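# Summary of the model geometry
Listed here are the chains, written in short residue letters.
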Amino acid sequence: MADPILELSDVSLSFKGLKAIHALSFSVERGEICALIGPNGAGKSSLLNILNGVYRADEGHVAFDGERLRSIRPGAAARRGIGRTFQHAALFSGLSVFDNVLAGLARHSRTTLVEHALGLPRDAAEARRFRAAAEETLGFLELTPYRDRIVATLPYGIQKRVDLARALVARPTLLLLDEPMAGMNGEEKRAMARFIAAARDERGTTIVLIEHDIGVVMSLSDHVVVLDYGRKVGDGPPDAVRNDPAVIAAYLGKPH
Amino acid sequence: MPPALATLSGLGAGRRPALPALPARTAGLALLLAVAFVAIPLTATDYWYNAILIPFLIMALAGLGLNLTMGYAGQASLGTGAFMAVGAYATYNLLLRLPELPLPVSLAGGGLIAGAVGLVVGLPSLRIKGFYLIAPTLAAQFLIEWIFNQVGWFSNYATSSAISAPRLVFLGHDLSSPAGRYALTLTSVTVVTVVAWRLVGSQTGRNWRAVRDGETAAAVIGVPVARAKLSAFFVGAAVSGIAGALWAFAYLGTVDARSFDLDRSFQALFIIIIGGLGSLSGSFIGAAFIVLLPILLTHLSNAALGGALDGGQISNLQRIIFGALIIGFLIKEPNGLAALLGRLRRPAC
């Protein structure tokens, strides 16, 4: 069991003196679905931003796959296999669903501008490979009917799924999902939970997600980390966290 | 729905609208090329070549260059005139100093040198975003124009600031007749457009559009943002550079930095705003509009008002019309005439 893919030790982050994350340590096992929960402003999104290099931690360190990540930039995180979706599905709005997913493969591209301009064989081969991978991911997430639609014209729930497809197509080892079900109805949430579970079960992707819907969190995740005001107040399997008095006090409110 | 079924039904749903559109588009394009390469040379007069066809094609190419940088990659630029000037002077110097090079090589070389200058001008885009990027490109526009006027080496120490272009010869054919210059322009524009079309459909083009639509998201998912921006400046400036060389050699017959001033940069900008940002055909539609409108206005005023408007009034009228159109397009149809025409063809969408 003890095969951590991600280990945080004493990570702190502050914005102009305001502490957003305070000496946070936890680890994520390979192949698990780990949920970060906590009230708004608890530092969950900031933590994801540290993990993929958008922010830099003031103190402490993060180890990914046994290697310490130091002052990593977003592109470098992606190249190491850390994928990410966004709270507001920051898709490339003028591109089709298919092109958005293809853009997710950018970090795997080994061809050059000249090859693209002249359509040399290596470019053609790579383009074929990329299209096949994108088609496969569209099928996996049941997005094929929307393949040629411009994403700006799609309903929000579908856009969130395209965001997931764009991250999954690059086969990340670690996938960070920032509120993948925000703003969805019950049916859309169940579908998204099914896709997230399938990404882990069928592709072995380790997933760290932020989610507010406690029902979804408890049924989907193997491991829950609870944050409150930048501090960790709970860490363990869903059932243990659910019954932890400190967690209940900080976040879940009065016991059911 | 199981994934297999979804894939099957998706094939039907996704491809159906594309099927009739594709052959129609190919046929349209083939017809256009047939007209341009065969029908026009059989019928056109020198007036058509000099006043309409050659300037239209060259400005379409200049607009296309800016469209790659600005319309596809989202990097604002007012340096098109400067890149055209670099292309023109570079080609002139290649023809002058390396006369053994065939004309297409000198032309492509001029484009590559303009691209290299574009890359340097694009360096601030790594730190400056959006509208503010106009400032460094504007500085480049003034600086480059000034350099060509001041440093005599570029114009081979000509006494006049307008130097006459060397004769255009390719494979023993003299291309200095209007039909020859048209053939040179059309061939160059076609080749460059095909390369641009390949690029925008490739991973490079996708990276450009990803950076345009969401730079942070693009960086996070692993799009090489810096490379995308610089390559967009390089390719855009190279295309505009070739347009500049053609402007000097196939249209004006002289190389003159004054014909590549800020007005030229604005003209390219108007072409892509009216024609369509992020659309290859939009560059051509916009150029046709901007080249034809003044001619149309002159004819209209002569026919309707019996020449009551003089040339100055017509050119003022023209500015008013362009200004109003640009404001109108930016508010109502940021994707320009290309999108408008696209909707007319497919009213269902």
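Computed from a prediction, not measured in an experiment: that's the story for all the values here.

### Some remarks on the overall build of chain B
Looking only at helices and strands, one finds 14 helices and four strands in chain B. Taking contacts inside chain B between residues at least 6 apart in sequence as the whole, the part at least 24 apart equals 77%. As presented, chain B carries roughly 16300 Å² of accessible surface, and 70% of it is formed by carbon and sulfur atoms.

### Overview of the confidence of the model for chain A
Per-residue confidence for chain A gives a mean pLDDT of 86; residues scoring 70 or more make up 96%. Averaged over each element, pLDDT in chain A is lowest for helix α10 (residues 245-252) of chain A (72) and highest for helix α3 (residues 97-103) of chain A (93).

### Describing the packing of aromatic side chains
Any aromatic ring pair is given by two values, namely how distant the centres are and how the planes are angled relative to each other. All names here are of chain B. Throughout the structure, instances matching the rule amount to nine aromatic pairs over all chains. Judged by centre distance (5.1 Å) and plane angle (40 degrees), the ring pair of Y49 and Y182 falls under tilted. Remark: Y182 occurs in helix α7 (residues 178-201) and Y49 occurs in helix α3 (residues 46-72); sequence separation between them is 133 residues. Among the residues examined, Y49 registers a relative accessible area of 3% and is labelled buried. Residue classification places Y182 among the buried residues on the basis of a relative accessible area of 3%. With 5.5 Å between their ring centres and 75 degrees between their planes, W153 and F154 make a pair best called edge-to-face. Of the residues examined, F154 reaches a relative accessible area of 24% and is grouped as partly exposed.

### Comments concerning the interface of chain A and chain B
Of the residues lining the interface, 36 residues belong to chain A; the matching set on chain B comes to 33 residues. Together chain A and chain B conceal approximately 2700 Å² of surface at their shared face, both sides included; 64% is due to carbon and sulfur atoms. A per-residue breakdown of the area chain A buries against chain B is headed by F92, L113 and H116 of chain A, which together make up 21% of the total. There are three salt bridges connecting chain A and chain B. Put simply, the parts of the chain that give the side of chain A that touches chain B at least two residues each are α2 (74-79), α3, α4 (113-118) and α5 (121-140) of chain A.

### Observations concerning the layout of surface pockets
By volume, the second largest pocket is sized at about 670 Å³. What lines the second largest pocket is a set of 22 residues, and nearest its centre among them are R73 and P74 of chain A together with E215, A219 and V225 of chain B. Taken together, the elements giving at least two residues each to the lining of the second largest pocket come down to α2 of chain A together with α9 (215-220) and α10 (225-252) of chain B. A per-class count over the lining of the second largest pocket returns twelve nonpolar, three polar and seven charged.

### A word on a nonpolar patch on the surface
Among the surface-exposed residues, F15, L18, V54 and Y55 of chain A lie close enough to one another that they form a single nonpolar patch of about 350 Å² accessible area. Tracing the backbone through its elements, the reader meets Y55 of chain A in the loop between α1 (44-51) and β4 (59-64).

### Here's the deal with the pattern of salt bridges
All names here are of chain A. Counted according to the given criterion, the structure contains 22 salt bridges over all chains. Linking E136 and R171 is a salt bridge whose minimum nitrogen-to-oxygen distance equals 3.4 Å. With E136 in helix α5 and R171 in the loop between α6 (156-168) and β7 (174-178), this residue pair connects regions lying 35 residues apart in the sequence. Given the relative accessible area of 40%, E136 is considered partly exposed. Ionic contacts of the salt-bridge type, sharing partners, join the residues D3, R30 and D65 into one network.

The rules behind each value
- Sequence order as written defines residue numbering, which begins from 1 separately in each chain.
- Lettering for chains starts from A, numbering for ligands starts from 1, and both go in the order in which the items are written.
- Residue-level local features of this predicted model are given only where pLDDT is at least 70; pairs of side-chain atoms are given and counted only at 80 or more, and the full residue set underlies all totals for whole chains, interfaces and linings.
- Side-chain descriptors were evaluated using all non-hydrogen atoms of the structure, hydrogens and water having been removed beforehand.
- Segments assigned H or I by DSSP are reported as helices when at least four residues long, segments assigned E as strands when at least two residues long, and all are numbered from the N terminus.
- The contact criterion used is simple: two residues touch if any of their non-hydrogen atoms lie within 4.5 Å.
- Where accessible areas are quoted, they stem from the Shrake-Rupley method and a 1.4 Å probe; at the residue level, only the protein chains shown are allowed to cover.
- Per-residue confidence from the predictor is given as pLDDT, running between 0 and 100.
- The criterion for an aromatic pair is that two Phe, Tyr or Trp rings (for Trp, the six-membered ring) have centres within 6.5 Å, with stacked assigned to planes under 30 degrees apart, edge-to-face to planes over 60 apart and tilted to the rest.
- Burial classes follow relative accessibility: with a 1.4 Å probe on protein chains only, a residue under 20% of its type's maximum area counts as buried, one over 50% as exposed, and anything between as partly exposed.
- Values labelled buried area give the accessible surface lost by two parts on being combined, using a 1.4 Å probe and summing over both.
- Salt bridges are defined by distance alone: a side-chain nitrogen of Lys or Arg within 4 Å of a carboxyl oxygen of Asp or Glu.
- Here a cavity denotes a set of grid points, spaced 1 Å apart and computed over the protein atoms alone, in which a 1.4 Å probe fits but from which it cannot get out, and a pocket denotes an open set meeting protein on both sides within 12 Å along at least five of seven lines; residues with an atom within 4 Å of a point are reported as lining.
- Grid points are joined across faces, edges and corners, and a volume is the space filled by probe spheres set on the points.
- In this classification, the charged set is Asp, Glu, Lys and Arg, the nonpolar set is Ala, Val, Leu, Ile, Met, Phe, Trp, Tyr, Cys and Pro, and all remaining amino acids, among them Gly, are polar.
- Any residue with relative accessible area above 30% and no salt bridge may belong to a patch, with like charges joined within 9 Å and the nonpolar Val, Leu, Ile, Met, Phe, Trp and Tyr side chains within 5 Å.

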